[in-house]
Amino acid sequence: LKISSNSIELVNLFNEGKLDAIVINSDFFTQIRGSVIETQITDESFAILFSKNNAPIASQNSISLSNLKNKNIILAPNYCPVNSKLHHIVNSFNDYIELDYVDSLISFVSASGYLTILPIFMAKNLAIQNTSLDFIELSDLPKRQISLFTREEIIKELLTSLVKIA
C-alpha cells in the first residue's frame, strides 16, 4: 500500500509492476503503459482555498468562476492534467502567479489575500489541518473523474467490493 498525492509517482510505480492497483485522476490514463482495467470511482469537484482573513471571499456561501475575475490567484505549476486544465481555464479570464511546492503555496495563501483552486477533498483536508484557511466549492468548474486502475480482474473485484463506487 502506498498513499501519495503524487499521481505521476503512482503511475510510474504501477508501470514498473510495483503496485497492483492505483486510484488516480482518470486524465492520467494516457501515462499508463500496457493493458489496464479502469473503473470510475467518483467525480470530484473543485474548490477555492483561501485565508479566513480574506473577507470578500470568506463572506460568500458559493462561488463561480465568474466571481474569480480580478481576484489574486496562485496556482501550482502546470505539471499534471489537473493543473493544465486549471491554468487554461484561469488564464482565459484572469492573470495568476505560479508557485511550486504545495506547502509553500498553502503558506502563501494562508498569509495573503491570494486564493488557489484545488480538488475539493484536498481543500477540505487542508482547511481542517490549518484553521486559518477555509474553502468554498466552485459551482461551475467541471469535475474531475477519479478511477481505479488495475491489470487483473480479480484485483479489481476485490478492491471494488471494499469501496462504494459512485
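Going by the structure above, here's the rest.
Residues numbered from 1 in each chain as written. Predicted model: local features only at pLDDT ≥ 70, side-chain atom pairs only at ≥ 80, totals over all residues. Heavy atoms only, no water.

1. Considerations on the overall build of the protein
Right, so step 1: Scanning the protein from terminus to terminus reveals 6 helices and 8 strands.
Right, so step 2: For the protein, the α and β elements follow one another from N to C terminus as α-β-β-β-α-β-α-β-α-β-α-β-β-α.
Right, so step 3: Out of the 166 residues in the protein, the part that is buried amounts to 41%.
Right, so step 4: Contacts spanning at least 24 positions in sequence make up 68% of the contacts within the protein whose residues lie at least 6 apart. (Helix = DSSP H or I, 4+ residues; strand = E, 2+ residues; numbered from the N terminus. Buried < 20%, exposed > 50% of the residue type's maximum accessible area, 1.4 Å probe, protein only. Contact = heavy atoms within 4.5 Å.)

2. Remarks on the sheet that holds strand β8 (residues 144-150)
Right, so step 1: Here 3 strands make up an open sheet; going across it, the order is β1-β8-β2 and the pairing antiparallel. Taken across any chain shown, the strands that pair with only one partner, and hence form the sheet edges, are β1 (21-25) and β2 (37-44). Within this sheet the neighbouring strands show an average axis-to-axis angle of 20°, counted without direction. (Pairing = 2+ DSSP bridges. Axes fitted to C-alpha atoms, helices over the stretch in contact; angles between N-to-C directions.)

3. Overview of the environment of Lys71
Right, so step 1: Mapped onto the secondary structure, Lys71 falls in the loop between α2 (55-58) and β4 (74-75).
Right, so step 2: What makes Lys71 partly exposed here is its relative accessible area of 26%.
Right, so step 3: Along the sequence, Lys71 and Asp95 sit 24 residues apart, while their C-alpha atoms lie 8.6 Å from each other.
Right, so step 4: Excluding residues that lie within four positions of it along the chain, Lys71 makes contacts with Ile57, Asn94, Asp95 and Leu115.

4. Thoughts on the layout of surface pockets
Right, so step 1: Taken as a whole, the largest pocket encloses approximately 1,300 Å³ of empty space.
Right, so step 2: Every residue lining the largest pocket is counted, 46 residues in all, and those nearest its centre are Ser4, Ser5, Asn6, Ser7 and Val23.
Right, so step 3: Here the lining of the largest pocket is built from residues that sort into 30 nonpolar, 10 polar and 6 charged. (1 Å grid on protein atoms, 1.4 Å probe; cavity = no way out; pocket = protein on both sides within 12 Å on 5 of 7 lines; lining within 4 Å. Points joined across faces, edges and corners; volume = space filled by probe spheres on them. Nonpolar A, V, L, I, M, F, W, Y, C, P; charged D, E, K, R; others polar.)

5. As for helix α3 (residues 81-91)
Right, so step 1: Within α3, burial applies to Val82, Asn83, Leu86, His87 and Val90. Viewed end-on, α3 has its buried residues packed into an arc of 130°, placing them on one side of the element.
Right, so step 2: Elements in contact with the buried residues of α3: β1, β3 (46-51), β4, β5 (97-98), β6 (115-119) and β8. (Arc of directions from axis to C-beta.)

6. Some details on the pattern of salt bridges
Right, so step 1: Counting across every chain of the model gives 6 salt bridges.
Right, so step 2: Its salt-bridge partner being Glu16, residue Lys18 comes within 3.3 Å of it at the nearest N-O pair.
Right, so step 3: Across the pair Lys156 and Glu153 runs a salt bridge whose closest N-O atoms are separated by 3.4 Å. Of this pair, Lys156 and Glu153 both sit in helix α6 (residues 153-162), 3 residues apart, which is roughly one turn of that helix.
Right, so step 4: Classification of Lys156 by relative accessible area gives buried; the value is 19%.
Right, so step 5: In the salt-bridge network here, residues are joined through shared partners; they are Glu153, Lys156 and Glu157. (Salt bridge = Lys/Arg side-chain N within 4 Å of Asp/Glu carboxyl O.)

7. Digging into the sheet that holds β6
Right, so step 1: In spatial order, the strands read β6-β3-β7; together these 3 strands make up an open sheet with antiparallel pairing. Sheet topology places β6 and β7 (133-137) at the edges, where each strand pairs with a single neighbour. The sheet shows a mean angle of 30° between the axes of neighbouring strands, direction not considered.
Right, so step 2: Bridging between β3 and β6 involves 5 bridges; their strand directions are antiparallel.

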